[in-house]
Amino acid sequence: MSVDNPVQVGAGLSTPVRRLGREKLAERTIETVLQLTPDTETVAATLHAAGLRFSRKAEAVRREAARSVRTEAKGFDFSIFADLDELQEQARLSLQEAVDTFLHLLAQAEDERFQIEQITQNTTVEQRLNDPAFRARRETAGRILYQVWHGGHWIAGAWGAFGKVFDAFRKANPARPGTVVSNDTGSARQDLVARKIISLNAWKTAGR
């Protein structure tokens, strides 16, 4: 196929996210991110096929995230939290935007990869090489998958650093055996939300 007869990118191809059940996507949690983060080899191969370089290391991304958490947590007054559960809940909420971004990009990356595979199966190498639209789409798909990979490891690094925060809080606030805890904490939680709680600006850019 010549340039005058390009590959029909996406023509008649529309599919839901495959390999990812809708039930799994509905679980918008940090654990879901950790489970679905693509492996480095897959991302590297995808970028290489698109003519892009891949030089980052997962551990480097995780360290950046952990450093951001430690910086923001340093000197923070964690006594505003009534218990460990409340601290963990707020930590999850603070990462939720990054989690949602990850899942959105993951769905987009999976759909793009499916479309590209379908086109590849129905065209020749010459056809694809001679079609700029296909090459551009493959590059875009690679960049999206990289964002997914980066965001997943960023969230993993941040959550790992939070684990140390939780440990420190647990040691500083040991559970009191036999203590009765009131279930009427609604107003107290609302008050905490209204006050200054944990807010890491870096979390909002995870995966970008």
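This section reports on the structure supplied with the text. Because the structure is a prediction, the values reported are computed rather than measured.

Turning our eyes to something else, we now look at the overall build of the chain. Per the secondary structure count, the chain includes eight helices and zero strands. Along its sequence from the N terminus, the chain presents helices and strands in the succession α-α-α-α-α-α-α-α. Scored against the burial criterion, the 208 residues of the chain give a buried share of 39%. The contacts of the chain with a sequence gap of at least 6 include a subset with a gap of at least 24, amounting to 87%. Within the structure as shown, the chain displays about 12,300 Å² of accessible surface, and the carbon and sulfur contribution to it stands at 50%.

Counted according to the given criterion, the structure contains nine aromatic pairs. An aromatic cluster is built from Phe 54, Tyr 146 and Trp 149, whose rings are joined through pairwise contacts.

Together, Lys 57, Arg 63, Arg 67, Arg 70, Lys 74 and Lys 164 give the surface a local cluster of positive charge. Top contributing element to the positive patch by residue count: helix H4 (residues 58–73), with three residues. Relative to the helices and strands, Arg 70 is located in helix H4.

Two quantities define a packed helix pair, namely the angle between the helix axes and the distance between the axes. The geometry of helix H3 (residues 40–49) relative to helix H7 (residues 132–172) is characterised by a closest axis approach of 8 Å and an angle of 155° between their N-to-C directions. Put simply, H3 runs roughly antiparallel to H7. Once H3 is placed against H7, the crossing between them reads as left-handed. Taken together, the residues of H7 that come into contact with H3 (itself represented by Thr 40, Thr 42, Val 43, Thr 46, Leu 47 and Ala 49) are Arg 138, Gly 142, Arg 143, Leu 145, Tyr 146, Trp 149 and His 153.

With their axes 7 Å apart at the nearest point, H4 and H7 run at an angle of 45° to one another. Here H4 is positioned oblique relative to H7, judged by the angle of their axes. Crossing handedness for the pair H4 and H7: right-handed. Here H4 contributes Ala 58, Val 61, Arg 62, Glu 64, Ala 65, Ala 66, Ser 68, Val 69 and Ala 73 to the contact with H7, which in turn contributes Trp 149, His 150, His 153, Trp 154, Ala 156, Gly 157, Ala 158, Ala 161, Phe 162 and Val 165. Residue composition of the contact of H4 with H7, by class: 13 nonpolar, four polar and two charged.

A full pass over the atoms with the stated rule returns seven salt bridges. Arg 143 serves as the salt-bridge partner of Glu 139, at 2.9 Å between the closest nitrogen and oxygen. Of this pair, Glu 139 and Arg 143 both sit in helix H7, four residues apart, which is roughly one turn of the helix. The partner of Arg 170 in a salt bridge is Asp 167, and the shortest N-O contact between them spans 2.8 Å. Taken together, the residues span about one helical turn, with Arg 170 and Asp 167 both in helix H7 at a distance of three residues.

So, on to the nonpolar core. Formed by 40 residues in total, the largest nonpolar core has its most connected members in Phe 78, Leu 87, Phe 102, Ile 155, Trp 159, Phe 162 and Phe 166. Ranked by the residues each element gives to this core, the list is headed by H7, at 13 residues. In this view, Trp 159 contacts Ile 30, Glu 31, Gln 88, Ala 91, Arg 92, Leu 95 and Phe 166; residues no more than four positions away in its chain are not counted.

The rules behind these values
- Residues numbered from 1 in each chain as written.
- Predicted model: local features only at pLDDT ≥ 70, side-chain atom pairs only at ≥ 80, totals over all residues.
- Heavy atoms only, no water.
- Helix = DSSP H or I, 4+ residues; strand = E, 2+ residues; numbered from the N terminus.
- Buried < 20%, exposed > 50% of the residue type's maximum accessible area, 1.4 Å probe, protein only.
- Contact = heavy atoms within 4.5 Å.
- Areas by Shrake-Rupley, 256 points an atom, 1.4 Å probe, with all protein chains shown as cover.
- Phe/Tyr/Trp six-rings, centres within 6.5 Å; stacked < 30°, edge-to-face > 60°.
- Patch = residues over 30% accessible without salt bridge, like charges linked within 9 Å, V, L, I, M, F, W, Y side chains within 5 Å.
- Salt bridge = Lys/Arg side-chain N within 4 Å of Asp/Glu carboxyl O.
- Lys, Arg positive; Asp, Glu negative; His and termini not counted.
- Charge placed at Lys NZ, Arg CZ, Asp CG, Glu CD.
- Axes fitted to C-alpha atoms, helices over the stretch in contact; angles between N-to-C directions.
- Parallel < 35°, antiparallel > 145°, perpendicular 65-115°, else oblique.
- Left-handed = near helix turned anticlockwise from the far one by under 90°.
- Nonpolar A, V, L, I, M, F, W, Y, C, P; charged D, E, K, R; others polar.
- Core = buried A, V, L, I, M, F, W, Y, C linked by side-chain atoms within 4.5 Å.

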